[in-house]
Amino acid sequence: MQKKGIALLITLLFVMLITLGVGTALKQIKDTSQDVQKQNFLFQTTMILKDVESMLQQNKDLEYITKKNSVSALNLFLTTASFIPFEAAGIKVIIELKSAREKFNPNVLKDNNETKQQIKSDLFQRFLDEKNVHSEYVTLLLDNMSKIRQDGAYRSDIFNQNPLLFRDYIASFEHLEQINNFYNKKYHEDINKKVDFSKLFYFKKMPYNLDLNYISSDIWQIILGCDKQRGDLLVQNSGGYEKLEDLELNDNEIYNLNFFPHSFFEPILAVKLKVIKDNLEAKIEFEYDLKTKKGTNFIYEI
C-alpha cells in the first residue's frame with residue numbers, strides 16, 4: 001500500500017510539473033506576439049509539443065516503469081495521468097495518454113501461411129457476424145493487403161471500381177474509408193454504424209504486440225473467439241495481467257490467442273495533444289517509446 005501511495009504521488013507530481021512547465025512556456029510565447037495569426041499559432045504549438053516531449057523524457061516515474069518493467073506502475077501512471085487539461089496565456093491545452101498497443105492492427109490478418117490466415121480471418125469474421133456484417137468484408141480487407149497481382153486474381157471486385165487504391169497493406173483510416181464506402185454501396189448499409197473502427201483499429205505496416213492489459217472487450221472477442229460476456233470479464237480484471245495463467249483461459253482460447261502477437265508489458269504511449277486558441281485548433285498524435293525516450297509516427301491536424 002505504501003509503494004502504491006508513493007507511485008501515485010510521483011504521478012501526480014508529473015501532472016503538476018507538465019502543467020507548470022507548459023504554462024510557463026506559453027506565457028513566454030505570448031510576450032513575443034499579441035496578434036492571433038496562424039503562423040504564430042503554429043509556432044506556439046511546436047513549442048508546446050517540444051515541451052511535452054521534454055517532460056516525458058525527464059519524468060522519473062516513466063524511467064522507473066521501464067527500469068523495473070512494471071506492469072502495475074504503468075497501469076497506475078496511465079490511470080492517473082491519462083487526461084491532463086489546462087489553460088494558460090489564453091491557450092487551452094489537452095494532453096491524453098494511453099497505451100499505444102491497445103488497438104487491433106487489421107494487417108495482422110494477412111499471413112503467408114494460408115492456414116494461419118484462414119484461422120485469423122475466421123475469428124475476425126465471427127466477431128463481425130455478431131454485428132451483422134457481410135462475410136465479404138474480411139475479403140475486402142485481405143485484398144487490400146495482397147499487393148499488385150499481375151494475374152488480377154483478387155477475391156473481390158473492389159479494384160475494378162478503385163484501380164488506384166493502395167493494396168500493399170491498409171495504411172490509414174482514409175484508406176479504410178474507401179474500403180468501407182465500397183462495401184456500403186454494394187450492400188446498401190453503413191458498416192460504420194455497426195462497428196466503431198476508430199476504437200477498434202490502429203494501422204501499422206509491421207505487426208506489433210497487443211498489450212493484453214489494455215485491449216477492449218471487442219478485441220478479446222476477436223483474438224479468443226469468445227463472446228461479449230467473456231470479453232467484458234477479461235477487461236474488468238485488466239491492468240494487472242503479468243503472465244498467461246493470470247488470464248485463466250481455456251485450451252481453445254489459448255490456441256486462438258497464439259495466432260496474434262501479444263504481451264503483458266508494452267511501454268509505448270499513444271500521446272494526443274490538442275491546442276486551442278481563439279478560433280484556431282491543432283491536434284497532434286504520436287507514439288512515445290518509454291525505453292528509447294523518442295517520439296515517432298507524428299500525425300498533425302491543423
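My aim in this report is to walk through the structure given alongside it, one point at a time. Within every chain, residues take consecutive numbers counted from 1 along the sequence as written. Note on the predicted model: pLDDT of at least 70 is required for a residue's local features to be given, and 80 or more for side-chain atom pairs to be given and counted; whole-chain, interface and lining totals, by contrast, use all residues. Side-chain descriptors were evaluated using all non-hydrogen atoms of the structure, hydrogens and water having been removed beforehand.

Here we come to the packing of aromatic side chains. Pairing of aromatic rings covers Phe, Tyr and Trp, the last counted by its six-membered ring, and requires centre-to-centre distances within 6.5 Å; plane angles under 30 degrees mean stacked, over 60 mean edge-to-face, and any other angle means tilted. On inspection of all chains with the given rule, the structure shows 18 aromatic pairs. Consider the rings of Tyr 137 and Tyr 183, whose centres lie 5.5 Å apart with planes at 85°: the pair is edge-to-face. Placement of the pair is Tyr 137 in helix 6 (residues 136-143) and Tyr 183 in helix 8 (residues 173-187), with a sequence separation of 46 residues. Each member of the pair Tyr 137 and Tyr 183 is classed as buried. For a ring to carry a charge above it, either NZ of a lysine or CZ of an arginine must fall within 6 Å of the ring centroid while also lying within 35 degrees of the normal to the ring plane. We note Arg 101 situated over the ring of Tyr 208; from NZ or CZ to the ring centre the distance is 4.7 Å. Seen from the ring of Phe 159, Arg 167 lies directly overhead, with NZ or CZ sitting 3.8 Å from the centre. Numbered from the N terminus, helices here are DSSP runs of H or I no shorter than four residues, and strands are runs of E no shorter than two. Under the scheme applied here, a residue whose accessible area is under 20% of the maximum for its type counts as buried, over 50% as exposed, and between as partly exposed, the area being computed with a 1.4 Å probe on protein chains only.

With that settled, consider the pairing of strand 5 (residues 268-277). Where strand 2 (residues 91-99) and strand 5 come together, eight bridges link them in antiparallel fashion. Residue Ile 94 lies in a different strand from strand 5, and its bridge partner there is Lys 274. A pair of strands is labelled paired if DSSP reports no fewer than 2 bridges between them. Across 10 bridges, strand 5 lies against strand 6 (residues 280-289) in antiparallel orientation. The residue of strand 6 that forms the bridge with Ile 276 is Glu 281. In sequence, strand 5 turns back onto strand 6 through a hairpin of two residues, with Asp 278 there showing a positive phi of about 55°.

This brings us to the side chain of Asn 107. Structurally, Asn 107 can be placed in the loop between strand 2 and helix 5 (114-129). You can call Asn 107 buried: its relative accessible area is 10%. Whenever a nitrogen or oxygen atom comes within 3.5 Å of another N or O atom, the pair is scored as a polar contact, on the condition that within protein one atom can donate a hydrogen and the other can accept it, and that pairs from neighbouring residues in sequence are kept only if both atoms are in side chains. A distance of 3.2 Å separates the side chain of Asn 107 from the backbone oxygen of Lys 204, its partner in a polar contact. Once residues within four sequence positions are removed from consideration, Asn 107 is found in contact with Met 145, Tyr 169, Ile 170 and Lys 204. By definition, residues are in contact when any of their heavy atoms lie within 4.5 Å.

Quick look at the pairing of strand 2 now. Across six bridges, the pairing between strand 1 (residues 83-88) and strand 2 is antiparallel. From the neighbouring strand, Ala 88 faces strand 2, where its bridge partner is Ile 91. In this structure, the hairpin formed by strand 1 and strand 2 is closed by a connection of two residues, where Ala 89 is found at a positive phi of approximately 55°.

Next up on the list: the side chain of Glu 253. With respect to the helices, strands and loops of the structure, Glu 253 is situated in helix 12 (residues 251-257). Here Glu 253 falls in the buried class, since its relative accessible area comes to 7%.

Moving on to the nonpolar core. To qualify as a nonpolar core, a set must consist of buried Ala, Val, Leu, Ile, Met, Phe, Trp, Tyr and Cys residues joined through side-chain atoms within 4.5 Å. Phe 104, Phe 124, Tyr 137 and Ile 223 are the most contacted members of the largest nonpolar core, which totals 48 residues. Mapped onto this core, the elements with two or more residues apiece are helix 5, helix 6, helix 7 (158-161), helix 8, helix 9 (197-200) and helix 10 (217-224). When residues no more than four places from it in sequence are discounted, the contact partners of Tyr 137 are Leu 128, Leu 176, Ile 179, Asn 180, Tyr 183, Ile 191 and Phe 197. If you look at the next biggest cluster of nonpolar residues, it comprises 31 residues, including Phe 41, Ile 65, Ala 81 and Leu 280.

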